[in-house]
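Architecture and fold: a report
Single-letter residue listing:
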Amino acid sequence: MTFSGMEWYWWLVIAAALAISVPFKMKFLKWWSRREQEKKKTQRGKWGEDE
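On a predicted model such as this, the values are computed, not experimentally measured, just so you know. (Residues numbered from 1 in each chain as written. Predicted model: local features only at pLDDT ≥ 70, side-chain atom pairs only at ≥ 80, totals over all residues. Heavy atoms only, no water.)

Regarding its fold elements, the chain presents one helix and two strands. The secondary structure elements of the chain, listed N-terminal to C-terminal, are β-β-α. Entry remark: accessible area of the chain is about 5,100 Å², with carbon and sulfur atoms responsible for 65%. (Helix = DSSP H or I, 4+ residues; strand = E, 2+ residues; numbered from the N terminus. Areas by Shrake-Rupley, 256 points an atom, 1.4 Å probe, with all protein chains shown as cover.)

Below, the structure written as structure tokens:
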């Protein structure tokens, strides 16, 4: 049984890879935004532009 020229088990492998990678991507994006906010805080304080 093929779909789009690929066997069914390759679709399972792709679906599993996506299911595993999405939570890691979300965790990375949260970490990255937190890191950027910390950078902005330290730069603001460093240059004396506190609000």
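Before going further, it helps to examine a nonpolar patch on the surface. Taken together, the side chains of V22, M26, F28, L29, W31 and W32 make up a nonpolar region of the molecular surface, amounting to roughly 600 Å² of accessible area. Mapped onto the fold, W32 is located in helix α1 (residues 8–46). (Patch = residues over 30% accessible without salt bridge, like charges linked within 9 Å, V, L, I, M, F, W, Y side chains within 5 Å. Salt bridge = Lys/Arg side-chain N within 4 Å of Asp/Glu carboxyl O.)

It is possible for side chains bearing opposite charge to pair when their charged atoms get close. Counted under the stated rule, the structure contains two salt bridges. Note that E36 and R35 form a salt bridge whose closest N and O atoms lie 3.7 Å from each other. Its salt-bridge partner being K41, residue E38 comes within 4.0 Å of it at the nearest N-O pair. In this pair, E38 and K41 both sit in helix α1, three residues apart, roughly one turn of the helix. Overall, E38 belongs to the partly exposed group, its relative accessible area being 43%. (Buried < 20%, exposed > 50% of the residue type's maximum accessible area, 1.4 Å probe, protein only.)

On average, residues of the chain score 83 in pLDDT, and 80% of them reach the 70 mark or higher. Model confidence for the chain, summarised as mean pLDDT per element, is weakest for strand β1 (residues 2–3) at 68 and strongest for α1 at 89. (pLDDT = per-residue confidence, 0-100.)

The full count for this structure, using the stated rule, is five aromatic pairs. Here the aromatic rings of Y9 and W10 are separated by 5.8 Å at their centres, their planes lie at 45°, and the arrangement is tilted. A network of ring pairs unites the aromatic residues W8, Y9 and W10 as a single cluster. (Phe/Tyr/Trp six-rings, centres within 6.5 Å; stacked < 30°, edge-to-face > 60°.)

Below, the discussion takes up the environment of S21. Looking at where S21 falls in the secondary structure, it is placed in helix α1. Separated by 3.3 Å, the side chain of S21 and the backbone oxygen of L18 make a polar contact. (Polar contact = N/O pair within 3.5 Å; in protein donor to acceptor, adjacent residues only side chain to side chain.)

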